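What the coordinates show
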Amino acid sequence: MRARTLEPPRAPARAPARAPARDVAARAGRGRFVVGGNWKCHGSRASVRTLIEELNAGTLKDVDVVVAPPFLYLDDAMATLKAPYEVAAQNCWVEPGLVDPTHRYDSETGAFTGEVSAEMLEDLRIPWVILGHSERRSLFGESNEFVGKKVAHARYHGLSVIVCVGETLEERESGKTMDVIFSQLKAVATEIDDKEHSSWGSQVVIAYEPIWAIGTGKVATPEQVQDVHAKIRQWLADNVSEEVALATRIQYGGSVNATNCSELARLSDIDGFLVGGASLKGEDFVKICNTSAVHYKAIGRKPRDDSVVTFSFDEDGELIDTK
Ligand code: PEP
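Rules behind the numbers
- Residues numbered from 1 in each chain as written.
- Predicted model: local features only at pLDDT ≥ 70, side-chain atom pairs only at ≥ 80, totals over all residues.
- Heavy atoms only, no water.
- Buried < 20%, exposed > 50% of the residue type's maximum accessible area, 1.4 Å probe, protein only.
- Helix = DSSP H or I, 4+ residues; strand = E, 2+ residues; numbered from the N terminus.
- Near = heavy atom within 4 Å.
- Polar contact = N/O pair within 3.5 Å; in protein donor to acceptor, adjacent residues only side chain to side chain.
- Areas by Shrake-Rupley, 256 points an atom, 1.4 Å probe, with all protein chains shown as cover.

Our focus in this paragraph is unusual backbone geometry. Look at the link from Ala-83 to Pro-84: it is a cis peptide, with omega at 10 degrees. Positive phi, close to 65 degrees, is recorded for His-103, a residue that is not glycine. Residue His-103 is classed as buried on the basis of its relative accessible area of 16%. The backbone phi angle of Arg-125 is positive, close to 60 degrees, even though this residue is not glycine. In this structure, Arg-125 sits in the loop between helix H3 (118–123) and strand E4 (128–131). You can call Arg-125 exposed: its relative accessible area is 67%.

A few words on the site of the ligand. As a matter of local geometry, the ligand sits amid 14 residues, with Lys-40, Glu-209, Gly-215, Ser-255 and Gly-276 nearest to it. At 2.5 Å from an oxygen atom of the ligand is found a side-chain nitrogen or oxygen belonging to Lys-40. The separation between an oxygen atom of the ligand and a polar main-chain atom of Gly-277 is 2.8 Å. Alone, the ligand offers 290 Å² of accessible surface; in the complex the protein occludes 95% of this.

Shown next, in the form of C-alpha cells:
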C-alpha cells in the first residue's frame, strides 16, 4: 500500500473564526445517508418494546436506519420494527489467534462460551453488525487485526458491517489522530480487500467515533469531523480504489443528539451518524435520522435509490463487478 504524508490543515489567511467546514472536502461520497442506533447494554424487554413503538411511530425519508439492540432483544426487534428500520448485532465472534490465508475465518462456531458467531447472525437473517466499537477495543482488548478479521468474517457471511474507528484525546492532542485511524483502516483493508470473497461498497460503513466524544457530551467540531472524514475518504481512494472511496458511507459518532445533528449533517463528507445515548429516545432518534434531508440539501444532490453497491475484485485486485 502506498504511504501518504499528511500535513496539518493550514488556515487560510483571512479565515472566519469558524470556516464553513464543507469547504475542506476534496470529494464527497455518493452513498445514501445511513444512521445507526447503538443501544449498547441498555434496556429491558419492556423498555425495548416502548422504544420500538416510538420508532415505528416516526416517519423516515431517504435514509437507511440500523438499530443495534443487545443480542437478547434482537429477535424481538426483528419481529416488531417496521421498514425501513434494519437491525444490527453489536458484535460477533472470530478466534483472535486464527490465521486464515483465505481471510474467511470460517468454522467459528464451537467451544467459545458466551460468544455469538457471524454464522448465527446469518442464520437469523440479522443483516448488520457493528464491529470495532471503541468500548470493545478498550474494555475487551480488541486489536486492529482482530477487528479486521471480524470484518472479513462477517462480510464472508453476507453481513453488512459498521466498523468503528477513532482516536483517544491523548492521541488527538499529540497529533496522532490520522495515524491511529489509518492503522485501524489498514487492518480492515488487509482482510477484506481479498480476491476471493470480499467486497467493499455500501455494506461496509465506517463510523468515525473520536473516543473522547463518546458518551461525554463533548462533540467534535464540524471542522474536526469534516477534516477526518475527508482524509478517510482520501485514504480509501489511495489504498483501495476511487470507486470504493465514493461508495463508502462515513458516519460520525460521538454525543450526537437531536440538537446538534443538523449542523453536522450539512458537512459534505458526513454520510450519516452512529448514535449511542440519543438512540434510546425514539423521537430524538427519528429526528436525527431525518437530517438526511438537511444533508442532501446542503450538498445539493438527491439521494440515490440504489442504496446497495458492491465491489468485487479479481485475483490481481482489479475491480470486476459493481452491483
Ligand atoms: C457510541 O457509543 O457509538 C456513541 C456514539 O455514543 P454517544 O452517542 O452516546 O456518544
